[in-house]
Each structure stands twice: as C-alpha cells, then as structure tokens.
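One letter stands for each residue in the lines below.
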Amino acid sequence: RRLGAPPDPLGAPGRARGVVIVLASGSPRRRELLTHLHVPFRVVVPDVDESARPGESPRALVRRLATEKAAAVAAALDNEAPHTTVLAADTVVEVDGEILGKPLDADDARRMLRRLSGRSHHVHTGVALRRGEHQAADTVTTVVTFVALSAPMIEWYLATGEPFDKAGAYAIQGTGGVFVEAVRGSVSNVVGLPLTTVARMLQAAGAWSPSVPPAVP
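Thresholds, definitions, all that
- Residues numbered from 1 in each chain as written.
- Predicted model: local features only at pLDDT ≥ 70, side-chain atom pairs only at ≥ 80, totals over all residues.
- Heavy atoms only, no water.
- Salt bridge = Lys/Arg side-chain N within 4 Å of Asp/Glu carboxyl O.
- Helix = DSSP H or I, 4+ residues; strand = E, 2+ residues; numbered from the N terminus.
- Buried < 20%, exposed > 50% of the residue type's maximum accessible area, 1.4 Å probe, protein only.
- Core = buried A, V, L, I, M, F, W, Y, C linked by side-chain atoms within 4.5 Å.
- Contact = heavy atoms within 4.5 Å.
- Phe/Tyr/Trp six-rings, centres within 6.5 Å; stacked < 30°, edge-to-face > 60°.

Draft legend 1. Local environment of the pattern of salt bridges. All told, the structure shown has 14 salt bridges when counted by the stated rule. Among the salt bridges present, the one from Arg115 reaches Asp96, with a minimum N-O distance of 3.8 Å. Residue Arg115 is located in helix α3 (residues 106-116), and its partner Asp96 is located in the loop between β4 (85-95) and β5 (98-100); the two are separated by 19 residues in the primary sequence. Owing to a relative accessible area of 26%, Arg115 belongs among the partly exposed residues under this scheme. Close ionic contact of Asp96 with Arg119 constitutes a salt bridge, the shortest N to O distance being 2.8 Å. Here Arg119 lies in the loop between α3 and β6 (120-131) and Asp96 lies in the loop between β4 and β5, a separation of 23 residues in the sequence. A relative accessible area of 27% means that Arg119 is categorised as partly exposed. Three or more residues joined by partner-sharing salt bridges are found here, namely Asp96, Glu98, Asp108, Arg111, Arg115 and Arg119.

Draft legend 2. Quick look at the nonpolar core. If you look at the biggest cluster of nonpolar residues, it comprises 44 residues, and the most contacted ones within it are Leu34, Leu37, Leu113, Phe146, Tyr170, Val198 and Leu202. Examining the composition of this core, we find that 5 residues originate from one element, helix α6 (residues 195-204), more than from any other. Every residue in contact with Tyr170, bar those within four places of it in the chain, is listed here: Leu113, Leu116, His121, Val123, Val144, Phe146, Tyr157, Pro163 and Val190. Among the nonpolar cores identified, the runner-up in size contains 10 residues, and Ala66, Ala70, Leu77 and Ala88 belong to it.

Draft legend 3. Spotlight on the packing of aromatic side chains. Following the criterion strictly, the structure yields 4 aromatic pairs and no others. When the ring of Tyr157 is compared with that of Phe179, the centres are 5.1 Å apart and the planes differ by 85°; the resulting orientation is edge-to-face. One end of the pair, Tyr157, is in helix α4 (residues 151-160); the other, Phe179, is in the loop between α4 and β8 (180-184), with 22 residues separating them in the sequence. For the pair shown, Tyr157 and Phe179 are each scored as buried. Through successive ring pairs, a cluster of aromatic residues spans Phe146, Trp156, Tyr157, Tyr170 and Phe179.

Below, the structure written as structure tokens:
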C-alpha cells in the first residue's frame, strides 16, 4: 500500500512486547524475511525520492534512504500509539563504485550480468528504525562472488524473467543463486533485510525479545 493508506496486518502470530511493528517497504522479499522473527507486523509503503546525490557513496545512499523512508512513514503514523516501531531498509548492488539498480530492459540486464560475471561485488543494505524518540540506523555489506557466465547462461537466465525487477539483475534466493560461487557476510542482506542486524535493532528498541517464544498456529 502507498503511504497514508490503511495498512494491512501481516506477519507471523508471534509476540513483540505489545509493540506494533510497521515495515516501511513494499518489497515482498523483505516482508517474507521479517516473518522469520515471528513478530506481528504490518506494511506501509513510503514515498521518497530514491535518487543518489552527487558524490554520494553506495553505503551512504542506502543509509540515508532507509532513514528517510522510516521518517516518512513515522510522520504519517504520528497520530497512532507511541509504541509503534517503524522499520525501513534500502539495498543496492555495487561493483567498482557503480550502483546497479533494477535493469531497464533486457539489454541493461545483460550488461549488468556481464559486469558481475566471474568476479566479486558488494551488496549494501541500509536499515533504519524509529520508535518515538528512539532512532537507529546501520549499514550492512555482503560480498558476493559469481562464477564466470557464458553468453548462453546469461540468455537462459534472461528467459526466466527473474532479473527484471531485481537490483543487479539477479535474485540470490531464486534461480540467480545458480551463479553464486561464494558469499562473505549476511545472505539475508543480499535478499534485502539483514536479519541479525534487524533483530539487534528491534531488541535495543524494546520491540522484540528472543526470550518470548513465538506463538504456534
């Protein structure tokens, strides 16, 4: 849903100390990842300009965008209970300083996959959290190494349709995982939400506790 629309209740039927968690993201992959913490949450999609600023590094970009997304949703929910916790994230793929977003078309996806072929690249995710006066932000980087991709392999992958709505033109959790030779760091970070960092931030904000067992349907 877009910013300001009535959000839907989502997530697994766990408990989070009575705190309402709002995921400020329209990504189905982030939504799925957050269910692994077994906390109830809902989704409000932020409306922010995701353009990079001149000279802005990829790590600075994702941290700023995550912070702006959390702030936008928190402002829209200002009349709700003060215990509402807003969680936001932004992810980019970076190779040699170039940010690889979602491909514009098949030619663009082909170009990105050639750039990633047979080498390592970085995936950066900025995570931001707001709960009342409590604010926190962090950036997580994972190094992903691809096998060498032949032209037929690239064309085969393009034919699946998977690359076209993915940053960097691949999905590690999908068919694109076939190309991944090694990962150094958080795998969930590559998908779009570094769960270890998210759990730490939610716990620090009093929004999640591993000592409370999840509800079992």
